[in-house]
Amino acid sequence: MMAGKAMRLTRGDALIVLDVQRDFCAAGALEVADADAIIPAINRLIEDAVAAGVPVVASRDWHPLEHSSFRDFGGPWPAHCVQDSAGAEFHSDLRLPNDAIILSKGEALERDQLSAMNGTGLAERLRRLGVKRLLIVGLALDVCVLETALDAVARGFQTHVRLSGSRAITPEGEREALEKMRHAGVVLEDG
Ligand code: VGL
Ligand code: ZN
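Read on for a plain summary of the structure. (Residues numbered from 1 in each chain as written. Chains lettered and ligands numbered in written order. Predicted model: local features only at pLDDT ≥ 70, side-chain atom pairs only at ≥ 80, totals over all residues. Heavy atoms only, no water.)

Right, let's talk about the pairing of strand S2 (residues 56-61) for a bit. Most of S2 is tucked away, with five of its six residues classed as buried. Bridging between strand S1 (residues 13-18) and S2 involves four bridges; their strand directions are parallel. Residue Leu15 lies in a different strand from S2, and its bridge partner there is Val56. Since S1 and S2 lie parallel, the crossover through helix H1 (residues 39-52) that links them has a hand, and here it is right-handed. Across five bridges, S2 lies against strand S3 (residues 101-105) in parallel orientation. Paired with Arg60 across the bridge in S3 is Ser104. (Buried < 20%, exposed > 50% of the residue type's maximum accessible area, 1.4 Å probe, protein only. Helix = DSSP H or I, 4+ residues; strand = E, 2+ residues; numbered from the N terminus. Pairing = 2+ DSSP bridges. Right-handed = clockwise from strand over helix to strand, strands pointing away.)

The next thing to look at is the pattern of salt bridges. In this structure the tally under the stated criterion is eight salt bridges. Among the ionic pairs, Glu189 bridges to Arg162, the shortest N-O distance being 2.6 Å. Pair noted here: Glu189 is in strand S6 (residues 187-189) and Arg162 is in strand S5 (residues 158-167), with a separation of 27 residues, a long-range link. Put simply, Arg182 and Glu179 hold a salt bridge, and the shortest N to O gap is 3.1 Å. In this pair, Arg182 and Glu179 both sit in helix H4 (residues 171-184), three residues apart, roughly one turn of the helix. Overall, the relative accessible area of 40% leaves Glu179 in the partly exposed class. (Salt bridge = Lys/Arg side-chain N within 4 Å of Asp/Glu carboxyl O.)

Within the protein, Asp61 (OD), His63 (NE2) and His80 (NE2) serve as the donor atoms for the zinc ion (ligand 2), at 2.0 to 2.2 Å. Around the zinc ion (ligand 2) sit four donor atoms; with metal-centred angles ranging over 87 to 168°, the donor geometry is irregular. Each donor residue of the zinc ion (ligand 2) belongs to the same chain, with the gaps between them written as D-x1-H-x16-H. In this pair, Asp61 sits in strand S2 while His80 sits in the loop between S2 and S3, placing the two residues 19 residues apart along the sequence. Each of the two residues, Asp61 as well as His80, counts as buried. (Donors = N, O, S within 2.8 Å, 3.2 Å for Na, K, Ca; no water. Tetrahedral: all angles 85-135°; square planar, octahedral: opposite > 155°, others 65-115°.)

Our next topic: the nonpolar core. Counting 29 residues, the largest nonpolar core has Ile16, Leu126, Leu134, Val161 and Met181 as its most contacted members. Looking at this core, the elements with two or more residues in it are S1, S3, helix H2 (122-128), strand S4 (133-139), helix H3 (141-154), S5 and H4. The element contributing the most residues to this core is H3, with six residues. Aside from chain neighbours lying at most four places away, what touches Met181 is Leu141, Val145, Leu146, Ala149, Leu150, Val161, Val186 and Leu188. Within the second largest apolar cluster, 27 residues are counted, among which are Ile46, Val56, Leu94 and Leu139. (Core = buried A, V, L, I, M, F, W, Y, C linked by side-chain atoms within 4.5 Å. Contact = heavy atoms within 4.5 Å.)

This part is about the pairing of S1. Of all six residues in S1, six are buried, a share of seventy percent or more. Here six bridges tie S1 to S4, and the two strands are oriented parallel to one another. By the bridge assignment, Ile16 is partnered in S4 with Ile136.

Rendered as structure tokens:
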């Protein structure tokens, strides 16, 4: 895999932290293996972002109780990140700044919304803030991170994904996601 150099957050950047919620972490309803291990790296990036005056965006998967992505309602996933449930809370070790931009997704009953950059207004909001380059971390690498990164590139952002701040649901999913992102021009940072 081609790996890019780890970028240093500076003016014109934004840090995007995707779905670091209890249901995707240890003992969660849709547990991603080793997810808890990424939290210290993400917290360090948040500190860097705050020090550099860079916006921090945190998305959360935020599903209604009978969401169509849940197995009981014809979807591929076990029920997860149900609105206002404990599993939908951000991991308690995640240290988000008070002025983080919190973005909910997956609220519509009949369709899933895996990308934080499709139908959320995020791209426009970041452009208004003068953001041109994104550093993306979070869960899951082969689902939300993949879809968000591809949308970000399509919307003209220089897009980096830091792999030490992300984990995939499956190894095959990870391989495919890395290939798709690399092909689209996403910088995959292994630092
Ligand atoms: C996600 C599976 C189901 C994600 C959301 O945010 O990566 N994955 N719903
Ligand atoms: Zn979901």
